[in-house]
Amino acid sequence: MTVDYGDLEFTRPAKHIKAVNVPAVPQRIFDGMRTYENASRGFIMLGYERSSKSPDGQIVEGGIILYHRPESEQVSQVYRMSTDVASTQLERLTYFDIGTGRTIATFRSIAGEDWRGFFRGGGAIMAMDLDGNEQFQLWRYWEDAFSEKTLPMIDGELDNAPGKGRIERLTNDGFKYTSVVISQSDKFMLFCSNKENKRDTLVYVTELTGSKTGAKADGAPFTLPSRLLTPTTGQGTTQWAVESVSIDDKYILITKIVSSSCRAMYTIDISGPEPTAPQLVTLPNSSEKLEEISNSFANFSQNTDVAHTIHVVTNAYGDFDSVVSYDIETQSVTHVTTPQPELNALRRISYEMESLKVTPESLLFTANIEGWTSLFVMPLSGSHKNKVIEVQLEWEKGWVTCHPNNLNGKANEVILKLSSYRSRGFVARIDITSELRKVKVDADGNPYIPASLATYSQAAAISDPKAVEPQLIKFKSFDGMQIPAVYYHPSGGKSVVPVVIGIHGGPASQATAQYRTPTHGYLLNELGCAVIYPNVRGSSGYGKTYMAADDVEKREDSVKDIGALLDYIGETMQNELDSSRIALTGGSYGGYMVFASLTFYSSKLMCGIANFGISHWPTFLQNTAAVRRANRRREYGDETIPEIKEFLERISPINNASKITVPLLITHGETDSRVTVDEAVNMYRIVSKNVPTELVICEMEGHGYKQKSVIEYTNAAAILFLERYLVAKAHL
């Protein structure tokens, strides 16, 4: 959507920044933020790389693929490092700037393909957009050393110099491509796209080898052939995602995403002359209604003797997400972590399961324990078969994601990405086979492994030397519901300080041990502010009842949770927090929460910062990307229904903006396709008539900021704003 704000007087204080009413930011803030911004430049795991064979028959071991933004670069880049922890090698693979490459959503390693009439070995399929609008296109990354022929420069190929890899554009349209999955046989590539009607997200399949595309070994672009596997309703209400392909290439496993709380599983049989229609997978003896069941991290077994067993995280058997295994042939289910005693799980765990990885040797999964994760392994064979064993990592604890090396037949070689209050992400390795020799039993009879980490020095944590450890607090809301929050205090509660409340987006997301705003460290250590990240109702991680407690007509109950937190600070924390000096910050849905909370509680607040937030529900729902609209209507309400629209109008912050009596800073990405920039501009026009209001519009930025210049400026502007309206006044 194009929004006209040419009448606003803006400055350009940084690359890709338009600032309205923002005073000049002192250099001391940029300098002071540098340490904290560097500490936030962690490493993101994109997965293992397949080993490749050169045309002369030599095998080159695959590495580990990382995503990381160098300090001097505008956007993040892709790297390869050796799997050997003794190595210090870190090879940069991509060399592009904003406008030629922006956000890489997917990097799927492949054995190769023959789309141009010869075999191009190794490399990957990428889904990447160019300017933050999330119109992800498909791209082929490869290196000529593993190809039978060297192609001339292809029309539309990215300039990746001085990298040795080449990047060919496979799609070039206004549609969106996501959910890329490569079959275990390396024969098929599955993906999702809205290319039928720009609204419905449907499933397609293409062959990697034996493709007979008709394309030639020249520089001409070609159209990647694909076959539609799922029906379209034509109504913009269908959103499929590809999950897995069975090891024998008989079934494709997909999910139909209806809302945050409803994600149904289906299979498609592709073994015959024609694929079948999607068949619903119904887990036996489920205690929940189909429309209230969410299935995630679904994967087929990687063992040929149980090829059609699905391992999945599901809430089909209660309030919490649990790991279960289901055989679609025998229709039998094995409960792995389901907490209900009568279901006889292998190990009952009364917390949300947060992830699941399937290998030929084991299941690896994590439990979300109040925002911190614990890692578990369940061997599928051997002396510890079907035992759910906690892997107790030797570190300060935080958030863990894992990646087993399935692609290269080394399933027990596991790479971990770890985030904690000390750092935003570093990479380490464990070997499950050796760790299983150290299994112990705790006082409750549960098996565990005390596991040491082998870290990669080239992907080590950039730690904040002044990192403050958080604590978990809980407070009662207006209706008695317990609301958890992650709380940081600069002096451990020994002094009374101002406080910044940071509200996460989603709303089905969670403030965890790894979650914090970019300005977090500066607020604590340089400005002496406490920081609280509440998980208001509607947050994930606490069961589906809690997550649904803010749906549609209950939207403002989550805002009341912020009011309860303000009261809790004033009544219970007066010896460590100054209840007269409180600011709110938040992004996306958290931005809405800032807007809304200011309309309710301006008398208890000093100021607010809203990043890419929703100010008017009906226009947000009308303007958000068509592929998201039906899903968001189920969460927030359908504005096409008159009585719902009336309700949404009534609670929209923009229609209550006159109640805001404290300063406000608004930032927004100009190409945001989720929450369009008019939400910010329109809110600014109204609020600025009554209170000091600042507006920052970020060019070539979508929903969340990725460019160095934008990150640095928006962070510094936020610090200056809080200095003036929160901290300085605390010293009066």
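Residues numbered from 1 in each chain as written. Predicted model: local features only at pLDDT ≥ 70, side-chain atom pairs only at ≥ 80, totals over all residues. Heavy atoms only, no water.

*Asks:* Honestly, the overall build of the protein in this entry has me stumped. Any pointers?
*Replies:* Summing up its helical and strand segments, the protein has eleven helices and 43 strands in all. Relative to the globule expectation of 27 Å for 732 residues, the C-alpha radius of gyration of the protein, 26 Å, shows essentially globular dimensions. Taken over the C-alpha atoms alone, the protein extends approximately 75 × 65 × 55 Å along its principal axes. A fraction of 62% describes how many contacts in the protein between residues 6 or more apart in sequence connect residues 24 or more apart. A total of about 27500 Å² of accessible surface is found on the protein, and carbon and sulfur atoms cover 48% of it. Here the protein contributes 73 positive and 86 negative side-chain charges, whose respective centroids are spaced 1 Å apart. (Helix = DSSP H or I, 4+ residues; strand = E, 2+ residues; numbered from the N terminus. Rg over C-alpha atoms; globule rule 2.2 N^0.38 Å. Contact = heavy atoms within 4.5 Å. Areas by Shrake-Rupley, 256 points an atom, 1.4 Å probe, with all protein chains shown as cover. Lys, Arg positive; Asp, Glu negative; His and termini not counted. Charge placed at Lys NZ, Arg CZ, Asp CG, Glu CD.)

*Asks:* Please explain the pattern of salt bridges as it appears in this structure.
*Replies:* Oppositely charged side chains may form a pair once their charged atoms are brought near each other. Counted according to the given criterion, the structure contains 39 salt bridges. In this structure, the salt-bridge partner of R263 is E243, at a minimum N-O distance of 2.9 Å. Pair noted here: R263 is in strand β20 (residues 262-269) and E243 is in strand β18 (residues 240-245), with a separation of 20 residues, a long-range link. Relative accessible area serves as the criterion here: at 22%, R263 is assigned to the partly exposed category. Note that E288 is salt-bridged to K544, the shortest N-O span being 3.0 Å. Taken together, the positions of E288 in the loop between β21 (279-280) and β22 (295-300) and K544 in helix α4 (residues 544-547) put the pair 256 residues apart, joining distant regions of the chain. Since its relative accessible area comes to 12%, K544 is described here as buried. When salt bridges with common partners are traced through the structure, they connect E113, R116, R120, R140, E168 and D218 into a single cluster. (Salt bridge = Lys/Arg side-chain N within 4 Å of Asp/Glu carboxyl O. Buried < 20%, exposed > 50% of the residue type's maximum accessible area, 1.4 Å probe, protein only.)

*Asks:* Explain the side chain of R41 to me, please; I cannot follow it from the model alone.
*Replies:* Of note, R41 is situated in the loop between α1 (27-39) and β2 (44-48). No salt bridge is formed by the buried R41; the nearest opposite charge belongs to E71, separated by 4.2 Å. Polar side-chain contacts of R41 include one of 2.7 Å to the backbone oxygen of R69. When sequence neighbours within four positions are dropped, the list of residues in contact with R41 reads H68, R69, P70, E71 and I462. (Polar contact = N/O pair within 3.5 Å; in protein donor to acceptor, adjacent residues only side chain to side chain.)

*Asks:* When you look at the packing of aromatic side chains in this model, what are you seeing that I'm missing?
*Replies:* Two aromatic rings, taken as a pair, are described by how far apart their centres are and by the angle between their planes. Considering all chains together, one arrives at 20 aromatic pairs under this definition. Judged by centre distance (6.0 Å) and plane angle (80°), the rings of Y488 and Y533 are edge-to-face. With Y488 in strand β37 (residues 482-488) and Y533 in strand β39 (residues 530-534), this residue pair connects regions lying 45 residues apart in the sequence. The two residues Y488 and Y533 agree in class, both being buried. Members of the aromatic cluster, joined through ring pairs, are Y589, Y592, W617, F620 and Y636. (Phe/Tyr/Trp six-rings, centres within 6.5 Å; stacked < 30°, edge-to-face > 60°.)

*Asks:* Looking at this structure, how should I read empty space enclosed by the protein?
*Replies:* Here the structure, examined in full by the defined rule, presents three cavities of 30 Å³ or more. If you add up the space inside the largest cavity, you get close to 190 Å³. Lining the largest cavity are 19 residues, with Y36, D464, R516, H520 and G521 sitting closest to its centre. Of all the elements in the fold, those that place two or more residues in the lining of the largest cavity are α1 and α3 (520-525). At four residues, α3 tops the list of elements feeding residues into the lining of the largest cavity. Its residues placed into classes, the lining of the largest cavity shows eight nonpolar, six polar and five charged. (1 Å grid on protein atoms, 1.4 Å probe; cavity = no way out; pocket = protein on both sides within 12 Å on 5 of 7 lines; lining within 4 Å. Points joined across faces, edges and corners; volume = space filled by probe spheres on them. Nonpolar A, V, L, I, M, F, W, Y, C, P; charged D, E, K, R; others polar.)

*Asks:* Whenever I open this one, the sheet that holds strand β1 (residues 17-20) confuses me. Can you help?
*Replies:* Through backbone hydrogen bonds, the strands of a sheet pair up, either in parallel or in antiparallel fashion. Pairing is mixed in the open sheet, where nine strands are placed in the order β1-β43-β42-β41-β40-β38-β39-β37-β36. Each of the sheet's edge strands pairs with one partner strand only, and the pair in question is β1 and β36 (471-476). Taking the axes of each pair of neighbouring strands and ignoring which way they run, one obtains an average angle of 20° across the sheet. Here six bridges tie strand β42 (residues 664-669) to strand β43 (residues 693-698), and the two strands are oriented parallel to one another. By the bridge assignment for β43, H668 is matched with I697. (Pairing = 2+ DSSP bridges. Axes fitted to C-alpha atoms, helices over the stretch in contact; angles between N-to-C directions.)

*Asks:* How should the pairing of strand β5 (residues 64-68) be read in this particular structure?
*Replies:* Within a regular strand, side chains alternate between the sheet's two faces. The element β5 is largely enclosed, with a buried count of five among its five residues. Burial along β5 is two-sided: I64, L66 and H68 facing one way and I65 and Y67 facing the other are all buried. Strand direction decides the pairing type here: β2 and β5, joined by four bridges, are antiparallel. Following the sheet pairing, I44 is matched in β5 by Y67. As judged from the five bridges shared by β5 and strand β6 (residues 77-81), these two strands associate in the antiparallel manner. Across the sheet, residue H68 finds its bridge partner in β6, namely Q77.

*Asks:* Help me out: how do you make sense of helix α10 (residues 678-687) in this one?
*Replies:* An α-helix turns once every 3.6 residues. As a result, residues three or four positions apart point the same way. A large share of α10 lies buried, amounting to seven of its ten residues. When we look at burial in α10, the residues that qualify are D678, E679, A680, V681, M683, Y684 and V687. Buried residues along α10 sit against β1, α6 (589-601), α7 (617-623), β42 and β43.

*Asks:* Teacher, can you tell me more about the nonpolar core here?
*Replies:* The nonpolar side chains of a soluble globular protein tend to be buried, and buried together. Counting 63 residues, the largest nonpolar core has I569, L577, Y592 and W617 as its most contacted members. Looking at this core element by element, the count peaks at eight residues for α6. Among residues more than four places away in sequence, those in contact with L577 are Y487, H489, V496, V497, V499, A530, I532 and I569. (Core = buried A, V, L, I, M, F, W, Y, C linked by side-chain atoms within 4.5 Å.)

*Asks:* Would you take a moment to explain α6 for this structure?
*Replies:* Between its first and last C-alpha, α6 extends 18 Å over 13 residues, near the 18 Å set by a 1.5 Å rise per residue. Taking burial as the measure, the 13 residues of α6 include twelve buried ones, the bulk of the element. Along α6, the residues that are buried comprise Y589, G590, G591, Y592, M593, V594, F595, A596, S597, L598, T599 and Y601. (Expected span 1.5 Å × (residues − 1).)

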